[in-house]
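# A structural walkthrough
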Amino acid sequence: MDQAVNAANLGAAAGDLSMWALFMHASIVVKLVMIGLVTSSVIVWAIIFDKFTTIRRVNRQANDFEERFWAGGSLEDLYESDGAKPVHPMAAVFGAAMGEWRRSSRIAGIDLVHGGVQDRVNRAMAITITREMDRLNRWIIFLATIGPVAPFIGLFGTVWGIMHAFGSIAAMHNTNLSVVAPGISEALFATAIGLVTAIPAVIAYNVVSNSMSVFEDRLDAFGTEFAAILSRQSEERGA
């Protein structure tokens, strides 16, 4: 068997246990594991930064929109300024409902109360909420996958590294700690990288998922309130 961690590598690593040295003296399989985990870690942190930024932005935009919505201004004006070309989820929900209601109200002889308008408005909002949440939740599945998997990938690298390290140690016929330690350290380094990758992913997934769930509930609540307003206006027009 080709021993990627040989006696020369072990001897060279004995005096240098830095992270770079541990990487350079590891076997090719362990190096690939480390590179994969580090790459995953970079992606995880990029997703974390993007999602936390997105959550803050959409909540701020929702706050601003709700202030204008409940200010008592014209819904038609608000639709023209925000709903017609929405740039954030709450405006999209408002625009979908208002757009459907406007189209229905223009149908000659339509009964806004009993003509199925309210059902179409509710469906339009539900579809929009689902679409917007799917967009916001994009890449979260990566956090859910890396969190539980990364430690096992690191453990695989560790097992592989220890197997090769023991093979080289046996070839040297020397079990001195200064000879054993570098090879074992290189192998364990893969597990450490796996944990460093997994822990932020698990924490971020839980936090982001909860924040997204809260925001979805906020959209649902707004949709319910807006549907009630449109229903009341339909009854007033039909009176």
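Residues numbered from 1 in each chain as written. Predicted model: local features only at pLDDT ≥ 70, side-chain atom pairs only at ≥ 80, totals over all residues. Heavy atoms only, no water.

### Thoughts on the overall build of the protein chain
- A count of helical and extended segments in the protein chain gives eight helices and zero strands.
- With 239 residues in all, the protein chain has 42% of them scored as buried.
- Long-range contacts, defined here as pairs at least 24 residues apart, represent 78% of the contacts in the protein chain between residues at least 6 apart.
- Summed over its atoms, the accessible surface of the protein chain is roughly 12,700 Å², and 63% of this surface lies on carbon and sulfur atoms. (Helix = DSSP H or I, 4+ residues; strand = E, 2+ residues; numbered from the N terminus. Buried < 20%, exposed > 50% of the residue type's maximum accessible area, 1.4 Å probe, protein only. Contact = heavy atoms within 4.5 Å. Areas by Shrake-Rupley, 256 points an atom, 1.4 Å probe, with all protein chains shown as cover.)

### Concerning the nonpolar core
- Core analysis: the largest hydrophobic core is formed by 31 residues, its most contacted members being F65, F69, F94, M98, F222 and F226.
- Of all the secondary structure elements, the ones that give two or more residues to this core are α3 (28–69), α4 (75–83), α5 (89–105), α6 (117–136) and α8 (177–238).
- Here this core takes nine residues from α8, the largest share from any one element.
- With 19 residues, the next largest nonpolar core counts V33, M34, V44 and A190 among its residues. (Core = buried A, V, L, I, M, F, W, Y, C linked by side-chain atoms within 4.5 Å.)

### Concerning unusual backbone geometry
- The backbone phi angle of W139 is positive, close to 80 degrees, even though this residue is not glycine.
- Secondary-structure assignment places W139 in the loop between α6 and α7 (140–172).
- Residue classification places W139 among the exposed residues on the basis of a relative accessible area of 52%.

### What to know about the environment of W101
- In this structure, W101 sits in helix α5.
- Placed 130 residues apart in sequence, W101 and S231 show a C-alpha to C-alpha distance of 9.7 Å.

### Quick word on the environment of V29
- Along the polypeptide, V29 turns up in helix α3.
- On the accessibility criterion, V29 (22% relative accessible area) is partly exposed.
- Excluding residues within four positions of it along the chain, V29 makes contact with F156 and W160.

### Comments concerning a nonpolar patch on the surface
- Together, F52, L195, I199, I203 and V207 line one region of the surface with nonpolar side chains, adding up to about 420 Å² of accessible area.
- The element best represented in the nonpolar patch is α8, accounting for four residues.
- Within the secondary structure, I203 sits in helix α8. (Patch = residues over 30% accessible without salt bridge, like charges linked within 9 Å, V, L, I, M, F, W, Y side chains within 5 Å. Salt bridge = Lys/Arg side-chain N within 4 Å of Asp/Glu carboxyl O.)

### Some points on the environment of P148
- Here P148 shows up in helix α7.
- Along the sequence, P148 and A198 sit 50 residues apart, while their C-alpha atoms lie 6.7 Å from each other.

### Thoughts on the UniProt feature "transmembrane region" (unreviewed entry) in the protein chain
- Mapped onto this structure's residue numbering, the UniProt feature "transmembrane region" (unreviewed entry) falls at residues 20–48, 139–167 and 187–208.
- End C-alpha to end C-alpha, residues 20–48 measures 26 Å, and it is 90% helix and 0% strand.
- The distance from the first to the last C-alpha atom of residues 187–208 is 33 Å, and the span holds 100% helix and 0% strand. (UniProt positions renumbered as here; feature names shortened; annotations may be inferred.)

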